[in-house]
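A structural walkthrough
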Amino acid sequence: MVAIGSDSRKDVGEEVAAAPTSARRFRASDITLRIACHVGAAAVFVAALVADLVHGWRPTGDDAIIAQRAWGVFTAHPPLVGQFSQASGSVHAIYDPGPLLFWLLALPVRVDPVHGVLWGSTLLCLVGVALAVEAAWAFRGATAAGAVVIAYAVVAATQAFVVVDPAWNISVGLVWFITAAVLTVTVASGRLGWWPVLVGAASIAAQAHLEFAPAAGGLVLLGLGLGLARRPPTRRWGW
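This text gives an overview of the structure that appears in the document. (Residues numbered from 1 in each chain as written. Predicted model: local features only at pLDDT ≥ 70, side-chain atom pairs only at ≥ 80, totals over all residues. Heavy atoms only, no water.)

Bringing the nonpolar core into the picture now. Among the nonpolar cores identified, the biggest contains 56 residues, and Phe45, Val117, Val148, Tyr152, Val172, Val175 and Trp176 are the most heavily contacted of them. Those elements giving two or more residues to this core turn out to be helix 1 (2–54), helix 2 (62–71), helix 3 (100–111), helix 4 (116–158), helix 5 (161–164), helix 6 (169–188), helix 7 (195–208) and helix 8 (213–230). The element that contributes the greatest number of residues to this core is helix 4, accounting for 17 residues. Setting aside anything within four residues of it in sequence, one finds Val175 in contact with Phe45, Cys125, Val129, Tyr152 and Val162. (Core = buried A, V, L, I, M, F, W, Y, C linked by side-chain atoms within 4.5 Å. Buried < 20%, exposed > 50% of the residue type's maximum accessible area, 1.4 Å probe, protein only. Helix = DSSP H or I, 4+ residues; strand = E, 2+ residues; numbered from the N terminus. Contact = heavy atoms within 4.5 Å.)

A few words on the packing of helix 3 against helix 4. Their axes nearest at 8 Å, the elements helix 3 and helix 4 cross at an angle of 130°. Viewed along their axes, helix 3 and helix 4 adopt a mutual orientation that is oblique. Handedness of the helix 3/helix 4 crossing: right-handed. Between helix 3 and helix 4, the contacting residues are Leu101, Leu104, Leu105, Pro108, Val109 and Val111 on the first element and Gly116, Val117, Trp119, Gly120, Ser121 and Leu124 on the second. Grouping the constituent residues of the contact of helix 3 with helix 4 by class yields nine nonpolar, three polar and no charged. (Axes fitted to C-alpha atoms, helices over the stretch in contact; angles between N-to-C directions. Parallel < 35°, antiparallel > 145°, perpendicular 65-115°, else oblique. Left-handed = near helix turned anticlockwise from the far one by under 90°. Nonpolar A, V, L, I, M, F, W, Y, C, P; charged D, E, K, R; others polar.)

The subject of this paragraph is the packing of aromatic side chains. Working definition: an aromatic ring pair is given by the centre-to-centre distance plus the angle between the planes. Tallied over the full model, the rule gives three aromatic pairs. Judged by centre distance (5.4 Å) and plane angle (70°), the ring pair of Phe161 and Trp168 falls under edge-to-face. Trp168 sits in the partly exposed class, given a relative accessible area of 29%. A ring pair is formed by Phe177 and Phe212, whose centres lie 5.4 Å apart and whose planes are at 25°; its orientation type is stacked. Placement of Phe177 in helix 6 and of Phe212 in the loop between helix 7 and helix 8 is noted, with a sequence separation of 35 residues between them. (Phe/Tyr/Trp six-rings, centres within 6.5 Å; stacked < 30°, edge-to-face > 60°.)

It is worth spelling out the environment of Val149 at this point. Position of Val149 among the secondary structure elements: in helix 4. With a relative accessible area of 18%, Val149 lands in the buried category. Expressed as a C-alpha distance, the spacing of Val149 and Gly40, which sit 109 residues apart in the sequence, is 6.5 Å. The residues touching Val149, leaving out its near neighbours within four places in the chain, are Cys37, Gly40 and Ala41.

Spelled out as structure tokens, the structure:
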């Protein structure tokens, strides 16, 4: 009987000792998957940037206008409206809702007047992609983060201009609109700490191109409303 009791205690001790090791392995696997999602989502943007630079990319058309207006941010007459829109009629000009894109690209354009608008907008897109992956991970872990990677891959395959010409305002707007949509799902699940990030992402999308503005505003309100509905009611109310 004594021998049997000793063996039982030994088995329990081995299980307790093995538990931290299994937890560490699980965390390491989690971190690896998380990094893989980030790398997978960012790879296509980085590859397109390198290809553009190797082939002697120069800002032309809308890209040149965006670079010029980003340069004007640090002058006495900074831009107060967004990019000129083809929706303009004969009566008056129509612009995208705000100059946030120019302000975000102002420093890269000052550092590198020729290519700054390209790598600056690529960096801006990478930040948006990283936020989408993190928000998806907070919502449903590797499954949701993998779905975000696939979504960006589909966009890159079907709308190549997004990665080939990220300096175009509609490219930046589309990337950040997808990010805003992912953040909306996360906020709607009750994780209201992500709501300020959703407001920022929706603001970039809305100001980058006017066609994203109504939907981006709707996502901000939808995420907040569903998120508040999912949270349990508080018993005590303060200021």
